[in-house]
Amino acid sequence: MTQLEQSAAPGAEWWRSAVIYQIYPRSFADASGDGIGDLPGITSRLESLKELGIDAIWLSPFMTSPQKDAGYDVADYRDVDPIFGTLADFDTMLAEAHARGIRVIVDLVPNHSSDQHAWFQAALKAAPGSPERARYVFRDGRGENGELPPNNWESVFGGGMWERITEPDGTPGQWYLHIFDPTQPDFDWTNEEVKEEFRSILRFWLDRGVDGFRVDVAHGMAKEAGLPDYAPVADADSMGGGEENVPYWGQDEVHDIYRDWHQVLAEYDGDRALCGEAWLPTLKKTALWVRPDEMHQTFNFPYLMTPWDAKALGSVIRESLEEFGKVGAPSTWVLSNHDVVRHATRLAFTDDNPQGEGIGPLTPNKPDTAIGLARGRAATTLMLSLPGSSYLYQGEELGLPEAMEIPDEFRQDPTWFRTEGKRYGRDGCRVPLPWEAGAPAFGFNDTGASWLPQPAEWAAYARSTEENDPTSTLALYKQLLRLRREHDLGSGTLVWEDLGADAVAFRRGDIHVAANLGTAPVELPANAKFLVRSQPFTGTALPADTAAWYTAS
Ligand code: GLC
């Protein structure tokens, strides 16, 4: 291998090169018509995913939940919430997906449960120091009468990280830890009973036939012993992406948990996989999550957070292949999910904060939708040519922008409530999908109900509209996925090329890939023959905010 040649790690397991499509069940397709998507809705639309050409789906949580954090607050890990259907609906969905060659990954939320979980309810009724309390992180408060929280940690959703309870006898009592909302108490992962419970939950879903798990907050489960005070640096990413040595993020003890889970998955056939959601300050640290005996994949958030800048993008790709390569894991790539501003909008941000805190009616200098879409299409064209596994988020194949005008009264993200409206939060990327331009709720269901309002201009993004337009974003995604499969681009090596400071360029075998992140056109070889262009152009000058795959021999 030459110095400039980089490869995804060897091995033939499906997850090393898969394109995995994230379904946010609330907003994908709603068979019951109540305005919230469901499992039968997913089953009814699987054929469209097969046509799209993805390899697997990841479903955000559909387990029993009071929905205080859109299902990331689980009250029963072994059942389906009635708003999404039943276990039988899940089994049908799984069988139908498998019948189409689509693998299924489910979301597992092990850092915290819902406060309505039977264990937490039992803990509230039990005494301080009891085994029931020991499953969570209960502590006495500071101050003369325990009236101050045990430490100064701040919740990701705003406000303090501790909630005080009233003891069964009516007196003000202990405090419990919640990295997120007070309705999401953190488990104590030093407790053997918690570990055993989650092994059993993994087996429950593996026995049903799932192909793997996306592990929620995989960097938060272990806390530094003694729970020392910690104040985040100003403007830090609250999920821990920008800081070293945070006592509740990225603690070494989490690795033992994943080694244990790796063994559980290895008992099953079919290359079942774990993918960790771990927001960590460096790729070097992120790669520790995917050492050979730990998780199989972890999300590449440094890649997602990279602004639209050729130098930054080139180096994050180089470093990703290098760091994941060192531990024998594939790199993953991701541009959008249910927690960030959609990339067809985010890439048009003019400041250096690609994560954003949501966009709403009062946000100043909103990103330009046309620029965002051009960059979004170019970014995906580049991403789907990279070796490793790529994640797509539902709706990005339509080029959906962030919904930026959701009226306040519809908002549901706890971030919005916990910060008293200072941060809009994540509702703008969670709006139900438009399937059919002229239909009620754009075909999300038959009734027209929708848990978040769909912008009227989304008729232009509806799948039915885009299906008939060869220049649509949907047509582009289908073409990219087909070519990626045909040329086996998910595995193999990458050779860097130099097309100037504004371009990211490399070769995958005979296929050259170039993206122009500058403002002036970038000249490609005169004999370039295009396989795919992120937007139409003639000649061989690659326009600004455009990417292409071509051969030149
Ligand atoms: C993860 C999820 C996010 C959720 C949080 C708490 O970051 O992706 O949606 O709010 O965990 O469970």
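Please read these numbers as outputs of a predicted model, since none were measured by experiment.

A word on the site of the ligand. Residues in close proximity to the ligand total 15 residues, the closest being Asp 69, Asp 216, Glu 277, His 338 and Asp 339. Interatomic distance of 2.9 Å between a side-chain N/O atom of Asp 216 and an oxygen atom of the ligand. Considering the ligand on its own, with 300 Å² of exposed area, one finds that the protein chains cover 99% of that surface. Taken together, the residues of the shell around the ligand sort by class into five nonpolar, three polar and seven charged.

This part covers the domain arrangement of the protein. For the protein, the domain assignment lists domain 1 (14–111 + 212–477), domain 2 (118–177) and domain 3 (494–551). On a C-alpha basis, the centroid separation for the pair domain 2 and domain 3 is 57 Å.

The next point concerns unusual backbone geometry. Phi at Val 217 is positive, roughly 45 degrees, even though this residue is not glycine. Here Val 217 is to be found in the loop between β10 (212–215) and α6 (254–266).

Adjacent strands of a sheet pair through backbone hydrogen bonds, lying either parallel or antiparallel. One open sheet accounts for three strands, arranged β7-β9-β8; its pairing is antiparallel. Only two strands of the sheet have a single neighbouring strand rather than two, namely β7 (138–139) and β8 (162–166).

Here we come to the nonpolar core. Soluble globular proteins: nonpolar side chains tend toward being buried together. Grouped together as the largest cluster of nonpolar side chains are 155 residues, with contacts concentrated most on Ile 57, Phe 213, Trp 261 and Ile 317. If one sorts the elements of this core by residue count, helix α5 (residues 192–208) sits on top with seven residues. Ranked by size, the runner-up nonpolar core spans 10 residues in total, among them Ala 503, Ala 514, Ala 528 and Tyr 550.

For the pair α5 and α6, interaxial distance at closest approach is 10 Å and the crossing angle is 30 degrees. In terms of orientation, α5 and α6 fall into the roughly parallel class. α6 is crossed by α5, and the crossing has right-handed handedness. Along its contact with α5, which presents Phe 198, Arg 199, Leu 202, Arg 203 and Leu 206, the element α6 presents Asp 260, Trp 261, Val 264 and Leu 265. Looking at side-chain class alone, the contact of α5 with α6 contains six nonpolar, no polar and three charged residues.

Quick notes on the rules
Residues numbered from 1 in each chain as written. Predicted model: local features only at pLDDT ≥ 70, side-chain atom pairs only at ≥ 80, totals over all residues. Heavy atoms only, no water. Near = heavy atom within 4 Å. Polar contact = N/O pair within 3.5 Å; in protein donor to acceptor, adjacent residues only side chain to side chain. Areas by Shrake-Rupley, 256 points an atom, 1.4 Å probe, with all protein chains shown as cover. Nonpolar A, V, L, I, M, F, W, Y, C, P; charged D, E, K, R; others polar. Domains from an automatic or database assignment. Helix = DSSP H or I, 4+ residues; strand = E, 2+ residues; numbered from the N terminus. Pairing = 2+ DSSP bridges. Core = buried A, V, L, I, M, F, W, Y, C linked by side-chain atoms within 4.5 Å. Buried < 20%, exposed > 50% of the residue type's maximum accessible area, 1.4 Å probe, protein only. Axes fitted to C-alpha atoms, helices over the stretch in contact; angles between N-to-C directions. Parallel < 35°, antiparallel > 145°, perpendicular 65-115°, else oblique. Left-handed = near helix turned anticlockwise from the far one by under 90°. Contact = heavy atoms within 4.5 Å.

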